[in-house]
Structure formats: C-alpha cells, structure tokens
Amino acid sequence: MNLEYQTTNTILSQTTLGEVKDLVKHLSFPLIIVDYNHEIQGIVKEEHFWRGAALHGWGEKVDKYIDPDFRVYDSWNQMLSENGQWCTYSILKENHQVQLYSKEFLLKYRYEELKKVFDKAEEMLKEAKQENKDFLQIINASYDEIFVTNGEGDVLFVSEASKKVTGYPPEIFIGKNMVDLVEEGIITNSVTLKVLKSHRTETVEQEYENGRKVIVTGKPIFSQDGKLHRVMINTRDITELIELQNKLDVAHAIMKKKNVSFTKEGNLITRSRQLNKILELMERVAPLDSSILIEGESGVGKGVLAKFIHDLSPRKNKEFVQVNCGAIPISLIESELFGYEGGAYTGAKKGGKKGLVELADGGTLFLDEIGELPLDVQVKLLNLVQDKVFKRLGGNISKRVDIRIVAATNRHLKSMVKSGKFREDLYYRLHVVPVNIPPLRERKEDIELLVQRFLFKYNKDYHLDISFDESVIDALTEYDWPGNIRELENLVEQLVVTSQNQLIHADDLPSYLQPKKKEESVSAKGIIPLKQAVEEVERQILRHALKKYHSSRKIAHALEVNQTTIIRKLKKYNMNVHLEE
C-alpha cells in the first residue's frame, strides 16, 4: 500500500469545543491536543468531540475528551518495531513534522507489507513449480534417460526415456535400491554403485536386454556439509554423447535454480434529558444478560441503541446478529431463526442449516420488529428466552446457546397482548428492561445537533462544503419528523448532494418544510395617541416573536435590530421570560 499518514490538526488544550466547531470544516479528525509548551497531551476522536458537545455544551475545554492511549516515536523504524503492540494512536515526530497513525492503519500497513512478502513468496513458488514442470518437460523431451538416486542408492526419479533406452517403464526402477536392481539382473555394471563408492563422476558402458548399448555417466551431488546427497545418471547412445553433456548442464542449472530461498472509518449523540437517562440506564445494564425490549417509532434509532448495548457488554467481541422479523416471509421465519435439519421440508439442504440463533451463539441476538412474529413462532421463542434452548425445524434434539436477547418494536405490544396477537408470557420475558425511545418531535433540542452531525458527515463523504442558513435550522426544528432521525438524515444528505448553492436557505427546502407565509396580524384599536399605538404594536410583535423563536438572538435577527434592543424592549413591556441567548 502507498504510505499515506492521516492529515492531523494540532489544537491547544484550553480551546473550547465551540471554538473547534467553528473550525470544523477545515479540520480532520482525530485532533492532536498540545499544551502551551507544545507537549502532546493526547488525541480527541470525532465521536468523543460530538458526544462531549451534546452532553456538556460547546463551552467545555477540548482536553476533557482526550484519549491518552498514544505513544510518540522518533522514527518510522522505531514505530514499526512494535510489531502489532501499538497504542490506539502512534505519533511520529521527525524532521520538525508531526504525523498521526491509528493502530488500525499500522496493522493494515503491516498486513499489506507482509502480504507483499507472501505474495512474492507465492509468486516465487509458482515460478519454482513452473520451472520444475519445465525441468521435467526438458528431461522427458530428451532422448537420453535421466536417472536420479539419493546418497544410499535408492531410485528417486527416472525419465520417460527409460522405456526407449532400457525397455522398462520408470515405475520398475523408482523406489528400489540399485543393489536390488543389479541382483535382479535389470541393471549390469551399475555406474551408480561406482559413484557411491568413489564419490566421483563415473562413466561406464552398459547393455540392456533389448540390445541397446549405452554410455552411462553418473555424477555425485553433495550437500553443504560435504555428504553425498544425490547421484544423477545420464544414459544415452555413444553417438549422442556431446549433445547429452549440453542438456545435462542445462538440467544442472535448472536444478540449482529450484533451490528457492525466501528473504524476508459516536453514533449516539443527544441533548435530550430523556435520551440521556436511557443511555445511562443502558450503560448500567449492558454488562448483564437481562433481556431488553426497545420500543419506539420507526427511525428513532432502535438498532443503533441495540448495537450500543452490545458494544458495552462482555460480548462485544462476539457476533451481533440483527434479525428484521418483519422482512422475513412468514413461511420462512422459523427456519431462518432456528435453522432446520436435513429433509425437514421439500428443498431443504441435505445436511441441514444453522439458523440465526445459532450464528449468534456467544454474542447478541437483536430481534427487530418482534411484534411481526406469528404466534406459533412466539412459542419457540419463549423457550429460547427462558431457557436458552431451541430445536431446529424438523429436529428432535434440543440445542443450547449462550446469547443475550435484545428485542425492538414500533408497535404497542401491550395492546397486542390484550387483543391476543402477542403472547403475554413472552412479552413479560422480554420486558425485563423496557426502554422507550422518544420520537424526534419530542426532543427537538436534538435536531440542530443531529443536522450539524449529518451535515459534517456528508460534506466529508462527498468532498463538499455546504452549510445551512439559520432559517433552515428553524424550519427543520418546527417540523414534526414522522420518519424521525432516519428521515432527517435522508433529508440532509439530499440537500447536500442536490444543492446548487454553498449556503442553503429555507427557500431551498421541500415545500412541506417551507415556513408558513401567513403571519399573525398586529393592530392598534381605535384612535389612540401615536406613542401609545406604537408601543401597542411593538408589544404585539414581540409577543408573536417570542412564541416563534424562544431566543433573543433569533428575535433580533428576525426584526433586524440589535439583541440588546430586544432585551431592553422585553423588560420595558414586562416580558422578562427565560430565553436562550
């Protein structure tokens, strides 16, 4: 892989989250946090930044959210010498430059480097095999017979030419000792036995039963420690002796060449008090194996919360198996969940198949849209929730699994229990830790934060620099979001990729999100002194603005006056209410 370190930004430890946010379009997470002496204090990840802002506000110092798991290195080689034992982040300070590498990057880099070595080794092995094949083709293409034995005289290889030269196929010789072949009369005046005795090249004449007279040359091959390792024998007609020597040299070169040596991208952010209480509860119960039932409308983040629970549990390194009960055809739900034995039904695999329950063994089984399960499947699920045992479809043997069950639904299960559409016993088994995620319309304080999060994400994904006018945030906050967070995220992505302008205004929003044009009217009753009429109109306008904006800054922006003027007028008319700035 090409070595590309992460672009990093150095931020002073006393910088506030709000100040970082103002620079966020120019920054690339993670951030390196330094003190006034430019000593590195730690690293701030993107998810910690956003969650910190959500929980504690923009005024918090950025050093509160540092990840201290890092190490500084003076050289690239020093960093690589760790061989996988890196901290979460490794910082290379070299030639007055600071470069940041994540553990995942270094592991991938090491993997890619090793992969190159192994790929090269594989290529060399492939070449060696091809050369071996070429070698055999060369040997077998020769009219001469090639005979190879080990240092004890056992025959290892005989070329196909033996059929023509000796009248015997190679199988007659391979695996036998030369002494036995001489005793059987197959070979006379063995050159191999002479070489084994003399450790020198020997040449003899032989005559086989088929009448062929040949010149046989045997050559010893020694190992590095000087011991006799191989004996290579070449057999040919006397007239072809010179040609044989040339081919033998080629064969030796290929044999030497055969000796190959190897040289060595936080998902949960909220300001909502309700949702923060839920997250705190989940942090407490995540290490336990109690069943959890997550209720809430579609798109509120039930699946994200389920994964959050899994990641905080001791099962985080095991499987997280998500099952959408509403997406599986009713006829297949039981076999998909519990698997089936061979022959359980027409078309079933002969050896059977594991179900999703078995695949989750050791981990977490997330049953989304559990209210869609038919009653007959609910019976089997009850046994699984109670005793962690089940039977495959068509099977008689109970299987036990070690799983944690998290269920979710957008339906009102208690009403379904009353109407007989959901088993009461299953409901209470799942309802050990109930959680109800509030819809987005009930936690509108999250909308601006979520919009900024999604805007940052899609600007980064699509390499754009789109921003929203304040009127857009106001319009999005006023909307009820029936599709919840999923609908909001989809809209932000849509606006980012389709906008022709860098700054998006409320007029660019879809018609259903456009601010209502009709405004409440203001008037002064009857003929009254002009000063009194002006004050009455001012009072009415401020009252309408308070209902709409709940913020002195936003009211000032809408009325095109200074914020201090608004605050002064509110005091004048005894409208001193608690406002956001």
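Computed from a prediction, not measured in an experiment: that's the story for all the values here.

Caption draft 1: View of the pairing of strand β12 (residues 292-295). Neither face of β12 is exposed, since Ile292 and Ile294 on one face and Leu293 and Glu295 on the opposite face are all buried. Strand direction decides the pairing type here: β12 and strand β17 (residues 404-409), joined by four bridges, are parallel. Each bridged residue has a counterpart across the sheet, and for isoleucine 292 the counterpart in β17 is valine 406. Judged from the four bridges that link them, β12 and strand β18 (residues 433-436) form a sheet pairing that is parallel.

Caption draft 2: Molecular detail of the packing of helix α19 (residues 530-549) against helix α21 (residues 563-572). Across the interface, α19 lies against α21 with an axial gap of 11 Å and an inter-helix angle of 110 degrees. Put simply, α19 runs roughly perpendicular to α21. α19 and α21 meet at a crossing whose hand is left-handed. Across the interface between the two elements, Glu535, Glu538, Leu542 and Leu546 from α19 touch Ile566, Lys569, Leu570 and Lys572 from α21. Residue composition of the contact of α19 with α21, grouped by class: four nonpolar, no polar and four charged.

Caption draft 3: Representation of the environment of aspartate 461 in the model. With respect to the helices, strands and loops of the structure, aspartate 461 is situated in helix α16 (residues 447-462). The spatial distance from the C-alpha of aspartate 461 to the C-alpha of glutamate 493 is 10.0 Å, given a sequence separation of 32 residues.

Caption draft 4: Expanded view of the environment of isoleucine 292. By the element assignment, isoleucine 292 lies in strand β12. Overall, the relative accessible area of 0% leaves isoleucine 292 in the buried class. For the pair isoleucine 292 and histidine 431, spaced 139 residues apart in the sequence, the C-alpha separation amounts to 6.4 Å. The contact partners of isoleucine 292, leaving out residues within four places of it in the chain, are Met282, Val285, Ile309, Arg404, Ile405, Val406, Ala407, Leu430, Val433 and Val435.

Caption draft 5: Representation of helix α13 (residues 375-387). With 13 residues, α13 extends 19 Å between its outermost C-alpha atoms, agreeing within 8% with the 18 Å of an ideal straight helix rising 1.5 Å per residue. Residues of α13 that are buried include every one of Val377, Gln378, Lys380, Leu381, Leu382, Leu384 and Val385, and no others. On its buried face, α13 sits against α11 (333-338), α12 (356-359), β14 (364-368), β15 (389-391), β17 and α15 (424-430).

Caption draft 6: Broad picture of the confidence of the model for the protein. The predicted model of the protein averages 83 in pLDDT, with 89% of residues at 70 or higher. Here residues 1-7 is a poorly scored stretch, pLDDT under 50, and it has 19 contacts once near neighbours within four places are set aside; other chains count. Note that residues 254-265 has pLDDT below 50 and, in this model, 13 contacts with residues that lie over four places away or in other chains.

Caption draft 7: Spatial organisation of the sheet that holds strand β3 (residues 40-44). Strand order in the open sheet formed by three strands is β1-β2-β3, and the pairing between neighbours is mixed. Each of the sheet's edge strands pairs with one partner strand only, and the pair in question is β1 (9-12) and β3. Averaged over all pairs of adjacent strands, the angle between strand axes in this sheet comes to 30 degrees, irrespective of strand direction.

Caption draft 8: Focus on helix α20 (residues 552-559). Within α20, the full set of buried residues consists of Ser552, Lys554, Ile555 and Ala556. Following α20 by one or two positions, glutamate 560 has its phi on the positive side, about 60 degrees.

Caption draft 9: Here's a closer look at the packing of helix α9 (residues 273-285) against helix α10 (residues 302-312). It is the contact of α9 with α10, at a shortest axis distance of 9 Å, that shows an interaxial angle of 35 degrees. Taken as a pair, α9 and α10 cross one another with a handedness that is right-handed. Residue-level inspection shows Ile278, Leu279, Met282 and Glu283 of α9 in contact with α10, the latter providing Leu305, Phe308, Ile309 and Leu312. Considering only residue class, the contact of α9 with α10 consists of seven nonpolar, no polar and one charged.

Caption draft 10: Seen up close, the pattern of salt bridges. Applying the stated criterion to the full structure yields 26 salt bridges. We note a salt bridge from lysine 45 to aspartate 67, for which the minimum N-O separation is 3.5 Å. Residue lysine 45 is found in the loop between β3 and α2 (46-56), and its partner aspartate 67 is found in the loop between α2 and β4 (70-73); the two are separated by 22 residues along the sequence. For aspartate 67, a relative accessible area of 11% gives the class buried.

Caption draft 11: Representation of the packing of aromatic side chains within the structure. Following the criterion strictly, the structure yields 15 aromatic pairs and no others. Here phenylalanine 320 and phenylalanine 366 contribute two aromatic rings whose centre-to-centre distance is 6.0 Å and whose plane-to-plane angle is 20 degrees, an arrangement assigned as stacked. Taken together, the residues span a long stretch of sequence, with phenylalanine 320 in strand β13 (residues 320-324) and phenylalanine 366 in strand β14 at a distance of 46 residues. For the pair phenylalanine 320 and phenylalanine 366, a shared accessibility class is recorded, and that class is buried.

Caption draft 12: How the structure looks around the nonpolar core. The biggest cluster of nonpolar side chains holds 42 residues, and the ones touching the most others in it are Leu31, Val451, Phe468, Leu476, Trp481, Leu488 and Val492. Within the residue set of this core, elements represented by two or more residues are α1 (17-22), β2 (31-34), α2, α16, α17 (470-478) and α18 (484-498). For this core, the element with the highest residue contribution is α16, accounting for eight residues. Every residue in contact with phenylalanine 468, bar those within four places of it in the chain, is listed here: Val451, Leu455, Ile473, Val492, Leu495, Leu503 and Ile504.

Caption draft 13: View of unusual backbone geometry. Positive phi values are uncommon outside glycine, yet asparagine 189 reaches one of about 50 degrees. The class for asparagine 189 is partly exposed, based on a relative accessible area of 39%. For glutamate 369, which is not glycine, the phi dihedral falls at a positive 55 degrees. Within the secondary structure, glutamate 369 is located in the loop between β14 and α13.

Caption draft 14: Main features of the side chain of threonine 235. Looking at the secondary structure, you find threonine 235 in strand β11 (residues 228-236). Note on threonine 235: relative accessible area 1%, which makes it buried.

Quick notes on the rules
Residues numbered from 1 in each chain as written. Predicted model: local features only at pLDDT ≥ 70, side-chain atom pairs only at ≥ 80, totals over all residues. Heavy atoms only, no water. Buried < 20%, exposed > 50% of the residue type's maximum accessible area, 1.4 Å probe, protein only. Helix = DSSP H or I, 4+ residues; strand = E, 2+ residues; numbered from the N terminus. Pairing = 2+ DSSP bridges. Axes fitted to C-alpha atoms, helices over the stretch in contact; angles between N-to-C directions. Parallel < 35°, antiparallel > 145°, perpendicular 65-115°, else oblique. Left-handed = near helix turned anticlockwise from the far one by under 90°. Contact = heavy atoms within 4.5 Å. Nonpolar A, V, L, I, M, F, W, Y, C, P; charged D, E, K, R; others polar. Expected span 1.5 Å × (residues − 1). pLDDT = per-residue confidence, 0-100. Salt bridge = Lys/Arg side-chain N within 4 Å of Asp/Glu carboxyl O. Phe/Tyr/Trp six-rings, centres within 6.5 Å; stacked < 30°, edge-to-face > 60°. Core = buried A, V, L, I, M, F, W, Y, C linked by side-chain atoms within 4.5 Å.

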